[in-house]
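Here is how the chains run, residue by residue.
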Amino acid sequence: MDDSNAELTSVCNTAKSVWEKLLSVYEQSSGQRLDRLMEKFFRSEKELEDDIASHIAKLQRNFSELNDELRRVAKTTLLDLLLMSRIMSTLPSEYFEFKSVWESVPIEERSVSKLTERLRLIEMRLPSKSTDSTALVATRKKVFKKPERKCYVCRKPGHLARTVGRKEVNQKLKVMLLCVLWKVFQKVKCGLPTVEPLLT
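Residues numbered from 1 in each chain as written. Predicted model: local features only at pLDDT ≥ 70, side-chain atom pairs only at ≥ 80, totals over all residues. Heavy atoms only, no water.

Trainee: Give me the lowdown on the overall build of the chain, citing residues and values where you can.
Mentor: The number of helices and strands found in the chain is 10 helices and zero strands. Secondary structure elements in the chain, listed N-terminal to C-terminal, are α-α-α-α-α-α-α-α-α-α. Residue pairs in contact within the chain that sit at least 24 positions apart in sequence constitute 46% of those at least 6 positions apart. Carbon and sulfur atoms form 57% of the exposed surface of the chain, whose accessible area is close to 15700 Å². (Helix = DSSP H or I, 4+ residues; strand = E, 2+ residues; numbered from the N terminus. Contact = heavy atoms within 4.5 Å. Areas by Shrake-Rupley, 256 points an atom, 1.4 Å probe, with all protein chains shown as cover.)

Trainee: Break down the environment of Ala53 for me, citing the residues and quoting the values.
Mentor: Residue position: Ala53 is located in helix 4 (residues 52–74). Accessibility expressed as a relative area gives 30% for Ala53, which makes it partly exposed. Taking the C-alpha atoms as reference points, Ala53 and Leu119, 66 residues apart in sequence, are found 8.3 Å from one another. (Buried < 20%, exposed > 50% of the residue type's maximum accessible area, 1.4 Å probe, protein only.)

Trainee: Provide a residue-level description of helix 4, including the pertinent values.
Mentor: Here helix 4 spans 32 Å end to end across 23 residues, near enough to the 33 Å set by a 1.5 Å rise per residue. For helix 4, the complete set of buried residues consists of Ile52, His55, Ile56, Leu59, Asn62, Phe63, Leu66, Asn67, Glu69 and Leu70. Just downstream of helix 4 lies Lys75, where phi reads positive at about 55 degrees. (Expected span 1.5 Å × (residues − 1).)

Trainee: An account of the packing of helix 3 (residues 30–43) against helix 4 is requested, with residue identities and associated values reported.
Mentor: Where helix 3 contacts helix 4, the axes come no closer than 9 Å and their chain directions differ by 155 degrees. Relative to helix 4, helix 3 is oriented roughly antiparallel. Handedness of the crossing formed by helix 3 with helix 4: left-handed. Of the residues in helix 4, those touching helix 3 at Ser30, Arg33, Leu34, Leu37, Met38, Lys40 and Phe41 are Leu59, Asn62, Phe63, Glu65, Leu66, Glu69, Leu70, Arg72 and Val73. (Axes fitted to C-alpha atoms, helices over the stretch in contact; angles between N-to-C directions. Parallel < 35°, antiparallel > 145°, perpendicular 65-115°, else oblique. Left-handed = near helix turned anticlockwise from the far one by under 90°.)

Trainee: Can you break down unusual backbone geometry residue by residue, with the values?
Mentor: The backbone of Lys75 shows a phi angle near 55 degrees, a positive value even though the residue is not glycine. Tracing the backbone through its elements, the reader meets Lys75 in the loop between helix 4 and helix 5 (80–89).

Trainee: Can you tell me about the side chain of Thr116, naming the residues and giving the values?
Mentor: Tracing the backbone through its elements, the reader meets Thr116 in helix 7 (residues 112–125). Of note is the side chain of Thr116, whose polar atom sits 2.7 Å from the backbone oxygen of Val112. (Polar contact = N/O pair within 3.5 Å; in protein donor to acceptor, adjacent residues only side chain to side chain.)

Trainee: Lay out the pattern of salt bridges in plain terms, naming residues and giving numbers.
Mentor: One pass over the structure, following the stated rule, counts eight salt bridges. In this structure, Asp50 engages Lys58 in a salt bridge whose closest nitrogen and oxygen atoms are separated by 2.6 Å. When salt bridges with common partners are traced through the structure, they connect Arg33, Glu69 and Arg72 into a single cluster. (Salt bridge = Lys/Arg side-chain N within 4 Å of Asp/Glu carboxyl O.)

Trainee: I'd like a rundown of the nonpolar core, residues and numbers included.
Mentor: In terms of nonpolar packing, the biggest core is built from 22 residues, with Leu83, Ile87, Phe98, Trp102, Leu115 and Leu119 touching the most fellow members. For this core, the elements supplying multiple residues, two or more each, are helix 3, helix 4, helix 5, helix 6 (96–103) and helix 7. Sort the elements by how many residues they give to this core and helix 4 lands first, with six residues. Those residues in contact with Ile87, other than ones at most four positions away along the chain, are Ile56, Leu59, Val112, Leu115 and Leu119. (Core = buried A, V, L, I, M, F, W, Y, C linked by side-chain atoms within 4.5 Å.)

Trainee: Kindly report on a nonpolar patch on the surface, identifying the contributing residues and their values.
Mentor: Taken together, Leu79, Leu81 and Ile107 make up a surface patch of nonpolar side chains, about 300 Å² in accessible area. Mapping Leu81 onto the fold places it in helix 5. (Patch = residues over 30% accessible without salt bridge, like charges linked within 9 Å, V, L, I, M, F, W, Y side chains within 5 Å.)

The quantities given are spatial measurements derived from coordinates; they are silent on function.
Following this line, the structure appears as structure tokens:
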């Protein structure tokens with residue numbers, strides 16, 4: 001016994017009083033424990049990673065602890081029918097059809113072991129989660145590549161005008177401007193000097 005426990009029990013005269021003192025400090029009162037166990041039993045849900053057998057085992061453990069506390073406090077226990085009902089209410093949606101089948105079984109023939117056995121059979125017949133993820137991979141859409149755009153200055157694909165060198169751009173713009181002017185002056189029929197000396 002450590003020092004803190006020795007201090008707690010230093011005023012106790014008998015072993016029974018020591019035990020009761022330690023219980024009162026470290027264990028919840030019967031009412032609190034009973035409330036906590038009931039809440040734990042009625043709030044429990046099936047975890048995604050749990051299989052049916054382990055889920056039912058967790059519920060059975062909670063149910064057993066609850067019954068032990070009820071037996072100690074109120075001298076009564078809960079029926080297994082309540083446990084079976086709780087198991088059925090925590091089942092995922094894949095087991096929906098089984099619920100109506102189970103309800104057709106007469107109450108006197110129902111047992112937790114029979115319920116577990118039938119649920120395990122259904123679980124084995126259900127498709128596994130890993131096949132669902134591979135199906136998603138197989139149905140992915142193709143990504144289409146955009147066609148390359150052409151440079152509006154040199155009309156070549158693979159780059160844009162902003163990446164063409166400034167000197168080259170100025171030269172191309174001069175040529176384009178001269179070509180446009182040449183066409184305009186051709187329509188007007190006025191004389192123009194030749195374009196070749198300006199291009200060099």
